[in-house]
Amino acid sequence: MAEPGQGDHAAIFSPSVARIAASAAKNWSYVDSWLLSRFPQGQKIPQFERNSATLKALLAIASVNEDVSNSHALIDRASKAALHELRDSEGVEGLVDNSSNHERTSILREAILSRTASFLSQEGRTALKALAVTAVRHGMGFPNPEDLAYEFLDLQISLLQTEHMIVRVGFLNEHLHHEMIKSNRLLSILQSHDYKLPSGLPKQNLELQRTTRARAVQLSDAREHQNSRPLRRSSHPTVQSVMKQEQHLLALIEEKKKMDTKISVFELLPSDPERAREQIEALQQQLMHFTTRRDQVFEGLIEQASPVKRRGA
């Protein structure tokens, strides 16, 4: 510090000035000792300007550094105490001393984890177990809440898609069920004894075959006639010719509709005439069998209701 001038000899003997000077000297002594501890042994402190601002800044730095050092010391002592307690309580001291570095680390990790888990509450254990199970199922070595949240969102999306698919499959199943009921009803009608084929079916089949053959011959003749007729220029159409052609076309369309109506009756029959005839004959035999059975049943009913039979009984 700068020495006071000769004109200030009276100020030295002031009590307040003396207290301030003593406090500053004490603070500078503390700062010097702290700075010496920061430098290697034997190295002097570099020269710097010594004033109140520098003293204030150095005191603040020293205070913060001391607090940090104290915190580190507390953590170090707590770690040593916890390790010593774990060694005493878990009996792993001998295992740690006789194991390699990797085994020692694994043993200490297991001991610390078991010790930590023993101090957890029931809710904490449940949460830790749920987190561990979720991480294992999703293949996460180091799970964090964000990754788990993304996984849950993906699962929720998959669940919603599956629910939509289930609803669609349900609608399809219901539709198929209704169609199956309709098919069963139609099948029961066709298999019942009351169902009969149209009586004029064989005759209509024969007429249809004759008509088809005649139309085929006519079509073949028309094609041959068309091919044999020489090409010539057609004259300009007149109103009468157009009307006649229109009437002829309408007549053909009407006849085609009638033929389609007749043909629709025989859609279930084979296209081969011989096979169709055989199928019709089989149906006729089946009809005769049903008729004979009906007559037998009717005769049996008459015999049961006959008064002569009752009198004989």
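A quick note: this is a predicted structure, and the numbers were derived from the prediction, not measured.

Enquirer: Give a description of helix α2 (residues 15-38) that names residues and reports values.
Expert: Its 24 residues place the ends of α2 35 Å apart at the C-alpha level, agreeing with the 34 Å of an ideal helix rising 1.5 Å per residue. A24, W28, V31, W34 and L35 are the residues of α2 that are buried.

Enquirer: Can you lay out the nonpolar core for me, pointing to particular residues and giving the numbers?
Expert: Side chains of a nonpolar character, in soluble globular proteins, are inclined to be buried together. Counting residues in each nonpolar core, the largest one holds eight residues, listed as W28, V31, W34, L35, I45, L55, L58 and A62. At the level of elements, α2 and α3 (52-90) are the ones that each hand at least two residues to this core. For this core, the element with the most residues is α2, which contributes four residues. One finds L208, M259, F266 and A276 within the second-largest nonpolar core, a separate group that totals seven residues.

Enquirer: Go over helix α8 (residues 201-228), please, and point to the residues and values.
Expert: Helix length check: α8 (28 residues) gives 40 Å between terminal C-alpha atoms against 40 Å at 1.5 Å per residue, within 8%. Those residues of α8 that fall on the buried side of the exposure criterion are L201, N205, L208 and Q209.

Enquirer: Tell me about the packing of aromatic side chains, and name the residues and values.
Expert: Inspection of the entire model under this criterion finds one aromatic pair. Here W28 and F48 contribute two aromatic rings whose centre-to-centre distance is 6.1 Å and whose plane-to-plane angle is 35 degrees, an arrangement assigned as tilted. Placement of W28 in helix α2 and of F48 in the loop between α2 and α3 is noted, with a sequence separation of 20 residues between them.

Enquirer: For the pattern of salt bridges, give the residues involved together with the corresponding values.
Expert: Tallied over the entire structure, the rule returns five salt bridges. Ionic pairing is found between R50 and D32, a salt bridge with its closest N-O pair at 3.3 Å. Of this pair, R50 sits in the loop between α2 and α3 while D32 is found in helix α2, placing the two residues 18 residues apart along the sequence. Classification of R50 by relative accessible area gives partly exposed; the value is 35%. A salt bridge links D260 to K256, with the nearest nitrogen and oxygen atoms 2.9 Å apart. With D260 and K256 both in helix α9 (residues 239-265) and four residues apart, the pair spans about one turn of that helix. Under the relative-accessibility criterion, D260 is labelled partly exposed at 39%.

What counts and how
Residues numbered from 1 in each chain as written. Predicted model: local features only at pLDDT ≥ 70, side-chain atom pairs only at ≥ 80, totals over all residues. Heavy atoms only, no water. Helix = DSSP H or I, 4+ residues; strand = E, 2+ residues; numbered from the N terminus. Expected span 1.5 Å × (residues − 1). Buried < 20%, exposed > 50% of the residue type's maximum accessible area, 1.4 Å probe, protein only. Core = buried A, V, L, I, M, F, W, Y, C linked by side-chain atoms within 4.5 Å. Phe/Tyr/Trp six-rings, centres within 6.5 Å; stacked < 30°, edge-to-face > 60°. Salt bridge = Lys/Arg side-chain N within 4 Å of Asp/Glu carboxyl O.

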